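Single-letter residue listing:
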Amino acid sequence: MSPTEQPFPPCPVCNKAAISFLIHSKDYSLTNKHFDIIQCAHCSLRFTFPMPSKEDISPYYDFPEYISHTDVKEGWMNKIYHKVRTYTLQQKTNWVQSLFTGHKGQILELGAGTGAFAHAMKQKGWSVTALEPDAASRQRCLDTYGIQLQPIEDFYTLSENKYDVISLWHVLEHVHDLKNYFQTFSKILKPNGRIIIAVPNYTSYDACFYKKYWAAYDVPRHLYHFSPEAMNALIKQFNMQIVEYKPMWFDSFYVSLLSEKYKKSGALGVARAFIIGCISNIKALSNPKKTSSLIYQIKKLS
């Protein structure tokens, strides 16, 4: 059966049936299993097909190099990642703090990994609630920072109107229950609070260049692949509005390096990754909504 004849499910964002096959890709990081990326013609969301269920997804995260869970520092790629993370962590915390000048409020982080951002916000005087599905990561956070992360199942039990900020740093693309999450965000966020969501952006130049090898597709761990249009279509259903698009300039380089690794390009690929990352960022200078990864600052409408 050809890709166009597959019985595709409706769009998880707009529920329309205008779904078509886009590209074949595969799990380059672990299993080499093939997956399709399909696209909604109505809202532009791309999503992984077939999409593993919540019960079946965990084995796809079970490898030592999955850096957000392990903090692996061996190898030059991981060393670069950690150096950049140290710098961007300072940027993130300063930016979140600037949204509430002089105010040390309540922040919820979903998908806290090994706790670096939660720890940094705690150091700034914020009251931090941080949830992480991976038990080993929760233990690593406790050992490293003395912070007890909560299991992700606690999300639906949190108090209403409690949080000034809810942050998801490269997490939303992993979440099965998109709409249930946003319904809960609406309940637990304070009236003037902010949701901070960082996700890869498939409208970037590096995504268009690498196509099926684009590392930020990361199938099947990334269930959804967002454009600014798709993100806007999602949040509007919950009476929310994007108030700022913030670029993540380093992601174009890191994603390009990984993409070249998947292409098995060798030393030539390292040089090309730097060039593609530069081109991607230059093209995004006049339009930050074209960066490799985007941060969305979102608020509830009254």
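Our structure is the block above this text.
Rules behind the numbers
- Residues numbered from 1 in each chain as written.
- Predicted model: local features only at pLDDT ≥ 70, side-chain atom pairs only at ≥ 80, totals over all residues.
- Heavy atoms only, no water.
- Buried < 20%, exposed > 50% of the residue type's maximum accessible area, 1.4 Å probe, protein only.
- Helix = DSSP H or I, 4+ residues; strand = E, 2+ residues; numbered from the N terminus.
- Pairing = 2+ DSSP bridges.
- Right-handed = clockwise from strand over helix to strand, strands pointing away.
- Core = buried A, V, L, I, M, F, W, Y, C linked by side-chain atoms within 4.5 Å.
- Contact = heavy atoms within 4.5 Å.
- Axes fitted to C-alpha atoms, helices over the stretch in contact; angles between N-to-C directions.
- Parallel < 35°, antiparallel > 145°, perpendicular 65-115°, else oblique.
- Left-handed = near helix turned anticlockwise from the far one by under 90°.
- Nonpolar A, V, L, I, M, F, W, Y, C, P; charged D, E, K, R; others polar.
- Salt bridge = Lys/Arg side-chain N within 4 Å of Asp/Glu carboxyl O.

A. Structural detail: the pairing of strand β7 (residues 189-200). Most of β7 is tucked away: nine of the 12 residues are buried. Bridging between strand β6 (residues 163-169) and β7 involves six bridges; their strand directions are parallel. Bridged to isoleucine 166 within β7 is isoleucine 195. A crossover links β6 with its parallel partner β7, the connecting element being helix α5 (residues 178-188), and its sense is right-handed.

B. Layout of the nonpolar core. Counting 66 residues, the largest nonpolar core has Leu110, Leu172, Phe185 and Phe226 as its most contacted members. Looking at this core, the element that brings in the most residues is α5, giving five residues. Beyond its immediate chain neighbours, meaning those up to four positions away, leucine 110 contacts Leu131, Ile152, Phe155, Ile166, Ser167, Leu168, Val171, Tyr181 and Phe185. One finds Trp95, Ala112, Val165 and Ile196 within the second-largest nonpolar core, a separate group that totals 23 residues.

C. Layout of the packing of helix α8 (residues 251-263) against helix α9 (residues 267-284). Running from amino to carboxyl end, α8 crosses α9 at an angle of 140°, the nearest separation of the two axes being 8 Å. What the angle tells us is that α8 and α9 run oblique. The hand of the α8/α9 crossing is right-handed. Here Ser252, Phe253, Ser256, Leu257, Glu260 and Lys263 of α8 come into contact with α9, specifically with Gly269, Val270, Arg272, Ala273, Phe274, Ile276, Gly277, Cys278, Ser280 and Asn281. The class makeup of the residues in the contact of α8 with α9 is seven nonpolar, six polar and three charged.

D. Structural context of the sheet that holds strand β3 (residues 46-49). The four strands lie next to each other as β1-β2-β3-β8, forming an open sheet whose pairing is antiparallel. Sheet topology places β1 (19-26) and β8 (224-225) at the edges, where each strand pairs with a single neighbour. In this structure, β1 lies alongside strand β2 (residues 34-40), joined through seven bridges in antiparallel fashion. Following the sheet pairing, isoleucine 23 is matched in β2 by isoleucine 37.

E. Local environment of the sheet that holds β7. In space, the six strands of this open sheet follow the order β5-β4-β6-β7-β10-β9, with mixed pairing throughout. Two strands lie at the open edges of the sheet, namely β5 (127-131) and β9 (240-247), each paired on one side alone. The sheet shows a mean angle of 20° between the axes of neighbouring strands, direction not considered. Contacts from helix α7 (residues 228-236) reach β7, β9 and β10 (293-300), with the element oriented near 150° to β9.

F. Main features of the pattern of salt bridges. For the coordinates displayed, the defined rule picks out five salt bridges. Its salt-bridge partner being aspartate 164, residue lysine 190 comes within 3.3 Å of it at the nearest N-O pair. Of the two residues, lysine 190 is situated in strand β7 and aspartate 164 in strand β6; the sequence distance between them amounts to 26 residues. Look at lysine 190 and you get partly exposed, because its relative accessible area is 27%.

G. Region of the structure containing unusual backbone geometry. Backbone torsion omega between phenylalanine 49 and proline 50 reads -5°, so that peptide bond is classified as cis. Looking at the element boundaries, proline 50 is found in the loop between β3 and α1 (67-70). Each neighbour pair has its own omega, and for valine 219 with proline 220 the value is -5°, a cis peptide bond. Within the fold, proline 220 resides in the loop between α6 (205-210) and β8. Located in the positive-phi region is asparagine 15, a residue other than glycine, with phi close to 65°. Within the secondary structure, asparagine 15 sits in the segment before β1. Even without being glycine, aspartate 218 reaches a positive phi, approximately 40°. Counting through the fold element by element, aspartate 218 comes out in the loop between α6 and β8. Classification of aspartate 218 as buried rests on a relative accessible area of 15%.

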